[in-house]
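So you can see what is in the structure, the chains are spelled out below.
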Protein chains: 4
Amino acid sequence: MKQFIWPLRVYWEDTDAGGIVFYANYLKFFERARTEWFRSLGYSQHVLKAETGCMFIVSHTQLKYSHPAMLDDELHISAKVTDVGGASLVIEQTASKPSPHTQEPLILCEGTIKIAWVQVGTLKPSRIPKDIIQRLI
Amino acid sequence: MKQFIWPLRVYWEDTDAGGIVFYANYLKFFERARTEWFRSLGYSQHVLKAETGCMFIVSHTQLKYSHPAMLDDELHISAKVTDVGGASLVIEQTASKPSPHTQEPLILCEGTIKIAWVQVGTLKPSRIPKDIIQRLI
Amino acid sequence: MKQFIWPLRVYWEDTDAGGIVFYANYLKFFERARTEWFRSLGYSQHVLKAETGCMFIVSHTQLKYSHPAMLDDELHISAKVTDVGGASLVIEQTASKPSPHTQEPLILCEGTIKIAWVQVGTLKPSRIPKDIIQRLI
Amino acid sequence: MKQFIWPLRVYWEDTDAGGIVFYANYLKFFERARTEWFRSLGYSQHVLKAETGCMFIVSHTQLKYSHPAMLDDELHISAKVTDVGGASLVIEQTASKPSPHTQEPLILCEGTIKIAWVQVGTLKPSRIPKDIIQRLI
């Protein structure tokens, strides 16, 4: 499966009084990476909506936090499809940063995000267009 | 002019790595108080929209920060109208907390928020209904 | 197991351009309920930290979204402990609202949040004090 | 005076149920630009703090909203110093996007942000180091 990487910087807005990135914000980081991935494939969200009458919505999220991210950290957010259903996709994502101790990046947070392809008005599940799947996997 | 007070609690989500409430969040706190003020007068936002085709939008904000708020603080958010225009209102607001040193509350942040009454589709200014103004002032 | 319920209101700040509550914000809602639950039992976070040198951090989150919440909705957030480890707790939570169709509340989002009891400086796991567990379950 | 420009993209997290960027978020956008400006001059925030025992905090903000930003918009955030005090700076900022109608960018939001240079522990005002001012203006 293809993997997409999106870099982002941690700002004050992302942190909490523990001095680290507030854990809910990884869902934002992961979404930015998915959005940029789709955009890099030629799919901007309002164009998709206009052309197909459908959109992706998040139906499940699962996050595991291993190490904290700090103010000013530059993180790498990854995304790859790990399961393809008729009307849904499972995407595995990580937030990592270069470790000071080794050459290996340090994984801070791992997520599994399930998104469903639904009709805009009714939110009813719909079959994901083949060309979208082909470009993602 | 009438004054409305709304209490709220500071949670982790509101703080930043400085250990204090992130300054942008006072705009959220002030809006919660305005919303609850309007609701207490019988104006919920979607009812107003449905009945009048108009809504309030924020056109100007001005904030002055004097002291920080901390995790777990219980704040009092005040709101009162200080100027009434044909299609806009100026609302002065404060965030304060009981001072440990005196009986007087400690003002942490003062804001001046200008809101405009506009048509929902076009965002064109519209005359604020008299009954709304009468209940607010 | 005991269940705690915390009511909260949906404001503009909680919504996104889809017209519904942004899905990451349920993690904030769930945390507010856990915080108020602990506070209702006499445990405020900075007192716990000062007395024990330890604190709870979130180590895993799992959310399932069933129905959207809208601006102005009043939600009920529930929390109950479903598993007790030496240094961690699993808490199941829901966000629900009264359904227009039935008397039963409509569950919008279900979450499973695992929190770990760790030493403040090192973030090393530590044994959760018995009195905390006894009050929660 | 020098002007710094930082591009950023509007994501779901930035929008509200009005279908536009939530107005409080421009304070976040403006801060990202200031942070990147300082970083581009060699001043990262924790290095400054370690070397001088001081930091910048926001003391006043003033925002005027002219046009809405939408999901997927790419915005340009500008920043320039317009006033230099002994212990504070006034920074004027704009958020703009290319207009579909003309070649001129459309200014969506204008802000005036006053930041104070304070000692980390006490938050007492302190004289801004000359080299910082020289690089900014």
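A quick note: this is a predicted structure, and the numbers were derived from the prediction, not measured.

*Asks:* Explanation requested: the relation of the copies chain C and chain B in the structure shown.
*Replies:* Copy one and copy two of the chain differ by a rotation about an axis and a translation along that axis. At an RMSD of 0.0 Å, chain C and chain B line up after a rotation of 180 degrees and a shift of 0.0 Å along the axis. This pairing of chains is accounted for by a two-fold axis. Minimal C-alpha distance to the rotation axis in chain C is attained by Leu 8 of chain C, lying at 5.5 Å.

*Asks:* Would you explain the interface of chain C and chain B in this entry?
*Replies:* For an interface, size is often stated in terms of accessible area lost upon the parts coming together. If you look at the interface, chain C gives 17 residues, while chain B gives 17 residues. Carbon and sulfur atoms make up 44% of the surface buried where chain C meets chain B, a total of about 1,700 Å² over both sides. When the buried area of chain C at its contact with chain B is split by residue, Tyr 11, Trp 12 and Glu 13 of chain C rank highest and sum to 33% of it. In this assembly, chain C and chain B are joined by 4 salt bridges. In this structure, Asp 72 of chain C engages Arg 39 of chain B in a salt bridge whose closest nitrogen and oxygen atoms are separated by 3.5 Å. Where the side of chain C that touches chain B is concerned, the elements lending two or more residues are strand 1 (4-9), helix 1 (25-40) and helix 2 (45-52) of chain C. Top contributing element to the side of chain C that touches chain B by residue count: helix 1 of chain C, with 6 residues. Residue composition of the side of chain C that touches chain B, grouped by class: 4 nonpolar, 4 polar and 9 charged.

*Asks:* Would you explain the relation of the copies chain A and chain C in this entry?
*Replies:* Rotating chain A by 180 degrees and moving it 0.0 Å along the rotation axis overlays it on chain C with an RMSD of 0.0 Å. When the interface residues of chain A are mapped onto chain C, 100% of them again lie at the interface, so the same face is used by both copies.

*Asks:* When you look at the packing of aromatic side chains in this model, what are you seeing that I'm missing?
*Replies:* Describing an aromatic ring pair means giving the distance of the ring centres and the angle of the ring planes. Using the criterion set out here, one finds 36 aromatic pairs over all chains in the structure. A ring pair is formed by Tyr 26 of chain A and Phe 29 of chain A, whose centres lie 5.7 Å apart and whose planes are at 75 degrees; its orientation type is edge-to-face. Remark: Phe 29 of chain A and Tyr 26 of chain A occur in helix 1 (residues 25-40); sequence separation between them is 3 residues, near one turn of the helix. Comparing Tyr 26 of chain A with Phe 29 of chain A shows no difference in burial state: the two are buried. Measuring from centroid to centroid gives 5.9 Å for Tyr 23 of chain D and Tyr 65 of chain D, while their planes differ by 80 degrees, and the two rings are edge-to-face.

Definitions and cut-offs
- Sequence positions are assigned chain by chain, starting from 1 and proceeding in written order.
- Labels are handed out in written order, letters beginning with A for the chains and numbers beginning with 1 for the ligands.
- Per-residue local features are limited, in this predicted model, to residues with pLDDT of at least 70; the limit for side-chain atom pairs, both in listing and counting, is 80 or more; totals at the level of whole chains, interfaces and linings are taken over all residues.
- Hydrogens and water molecules were not included; the side-chain quantities draw on all heavy atoms of the structure.
- We place the copies in one frame by least squares, fitting the C-alpha atoms of every residue whose pLDDT is at least 70 in both.
- We call two residues contacting when some pair of their heavy atoms lies within 4.5 Å.
- Buried area is a sum: the accessible area each of two parts loses on coming together, probed at 1.4 Å, counted once for each and added.
- Salt bridge, as used here, is a side-chain nitrogen of Lys or Arg placed within 4 Å of a carboxyl oxygen of Asp or Glu.
- Put simply, DSSP marks the helices as runs of H or I at least four residues long and the strands as runs of E at least two long, and each gets a number from the N terminus on.
- For this classification, Asp, Glu, Lys and Arg are treated as charged, while Ala, Val, Leu, Ile, Met, Phe, Trp, Tyr, Cys and Pro are nonpolar and the rest, including Gly, are polar.
- Working definition: rings of Phe, Tyr and Trp (its six-membered ring) pair if their centres are within 6.5 Å, and the pair is stacked with planes under 30 degrees apart, edge-to-face with planes over 60 apart, and tilted otherwise.
- Three labels apply to residues, based on accessible area from a 1.4 Å probe with only protein chains included: buried if under 20% of the type maximum, exposed if over 50%, partly exposed otherwise in between.

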